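Listed here are the chains, written in short residue letters.
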Amino acid sequence: MQSSGHRFRDVEHHPLLTGDEGYDSPPSESDMADQGWFIRDGCGMVCALITWLLVFYADFVVMFVMLLPSRDFLYSLINGVVFNCLAVLALSSHLRTMLTDPGAVPKGNATKEYMDSLQLKPGEVIYKCPKCCSIKPERAHHCSICKRCIRKMDHHCPWVNNCVGETNQKFFVLFTMYVALISAHALILCIFQFVSCVRNQWNECSGFSPPVTVILVIFLCLEGLLFLTFTAVMFGTQIHSICNDETEIERLKNEKPTWERRLRWEGMRSVFGGPPSLLWISPFAGLRIRRLMIRTKKGGTEFSV
C-alpha cells in the first residue's frame, strides 16, 4: 500500500489546475441556478425533433380523423381533453428532461483552493476525470456526448438529447409514463375507430377517404404499439432502478455499492421530492425560466491523494 507521501508525490506529478491554465473557476450555486442546459448533439436534436413530430402526428390523427368527425359529442370531448392533456404533459416532461442539468460536475474544479476546502484525510483517494478535468464524486460517470461527468448517471438517451442523471431522472420517468399512456389511449381509440368504420361501411366515419383513413390509423397503431412497448419497459426499468438505488451503468458494470442505499419509498422520495403528492406526477414542479449558456473547456488527468 502506498504511503501518504507517495500519494502526495503522485499529485505533484499530475499537478492541480491553476488560473493560468485556461480554466474558469468552478461556478457558484447561484451561477448554476441561472445557467441553462442544452446539448448541441446533431443525432440527439434530430431524435428529439422526431419525438415531437410523432406526438403531433398522433394528435392530428386522433383529433381530425377520429374525434372531430364523430357524431358523439361527449365521446369526442372527453377523449379529446384527456388525450391532449396527456400529450402536453408528455412533451413538457420531455422538455424538462432535455433542458435540465442532469447533475453535471463543474468543469475545472480540480484547483488547489478546492482541494483545500475538501479537508481530505491523509491517504484518502479521490479521482480527477481525464476528459473534463473535474473531481469525480462517488457514482459519477463521464458522458462522451455531454462531455461532462454526471452524478448518478443512468444512461444517455438520444430521444431526450440528454443524460438521465441525479437531477432530471424524475422528468424522464414522467416522460416515459405519459408517452406510454397516450400510446395506450391512441391504440384504444384506433380499435373503436375501426369497429365504427366497419359497422358504418366506411360511410362518414372520418373526413378523409377510406384508403387515407386506413393508412393514417394503421400507422398510428404501429406507432402506438412500438412506443407503448418501449416506454412501458423503460418506465418499469427506471422505477426498479430507483427502488434499488442502482443506476443502469452500475448494474451493467456490476459495481458493488459503497454507498448507503436508499431503497423503495426512500429512493422514490429522493428522486420525486418529498412525500407522495400530485407534485410527483407534475413536470412543472420547481419550474424556473433559465437562459442558455455555452461553456467550453479542456480535459485533464486522473490523480490520487
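To be clear, the structure that these remarks concern was listed above.
Since the model is a prediction, treat every value here as computed from it, not as a measurement.

**Notes on unusual backbone geometry**
The phi angle at Lys152 is positive, at roughly 50°, despite the residue not being glycine. As for its position among the elements, Lys152 is in the loop between strand 4 (148-151) and strand 5 (155-157). A relative accessible area of 22% means that Lys152 is categorised as partly exposed. For Asp245, which is not glycine, the phi dihedral falls at a positive 50°. In this fold, Asp245 is placed in the loop between helix 7 (210-244) and helix 8 (248-252).

**A look at the environment of Ala104**
Following the sequence through the fold, Ala104 ends up in the loop between helix 4 (73-99) and helix 5 (112-118). With relative accessibility at 2%, the residue Ala104 sits in the buried group. For the pair Ala104 and Ile150, spaced 46 residues apart in sequence, the C-alpha to C-alpha distance is 4.5 Å. When sequence neighbours within four positions are dropped, the list of residues in contact with Ala104 reads Trp37, Arg148, Cys149, Ile150 and Arg151.

**Details of the packing of helix 3 (residues 42-67) against helix 6 (residues 169-199)**
Two elements in contact, helix 3 and helix 6, have axes whose closest approach is 11 Å; the angle formed by their N-to-C orientations is 30°. Taken together, the axis directions place helix 3 and helix 6 in an arrangement best described as roughly parallel. The element helix 3 and its partner helix 6 pack so that their crossing is left-handed. Residues Thr51, Val62, Val65 and Met66 of helix 3 pack against Phe175, Leu189, Cys190 and Gln193 of helix 6. Its residues placed into classes, the contact of helix 3 with helix 6 shows six nonpolar, two polar and no charged.

**Comments concerning the environment of Cys243**
Looking at where Cys243 falls in the secondary structure, it is placed in helix 7. Take Cys243: its relative accessible area is 21%, and that puts it in the partly exposed class. Put simply, Cys243 and Arg264 are 21 residues apart on the chain and 3.9 Å apart in space, counted from C-alpha to C-alpha. Apart from residues lying up to four places away in sequence, Cys243 is in contact with Arg262, Leu263, Arg264 and Met268.

Conventions adopted
- Residues numbered from 1 in each chain as written.
- Predicted model: local features only at pLDDT ≥ 70, side-chain atom pairs only at ≥ 80, totals over all residues.
- Heavy atoms only, no water.
- Helix = DSSP H or I, 4+ residues; strand = E, 2+ residues; numbered from the N terminus.
- Buried < 20%, exposed > 50% of the residue type's maximum accessible area, 1.4 Å probe, protein only.
- Contact = heavy atoms within 4.5 Å.
- Axes fitted to C-alpha atoms, helices over the stretch in contact; angles between N-to-C directions.
- Parallel < 35°, antiparallel > 145°, perpendicular 65-115°, else oblique.
- Left-handed = near helix turned anticlockwise from the far one by under 90°.
- Nonpolar A, V, L, I, M, F, W, Y, C, P; charged D, E, K, R; others polar.

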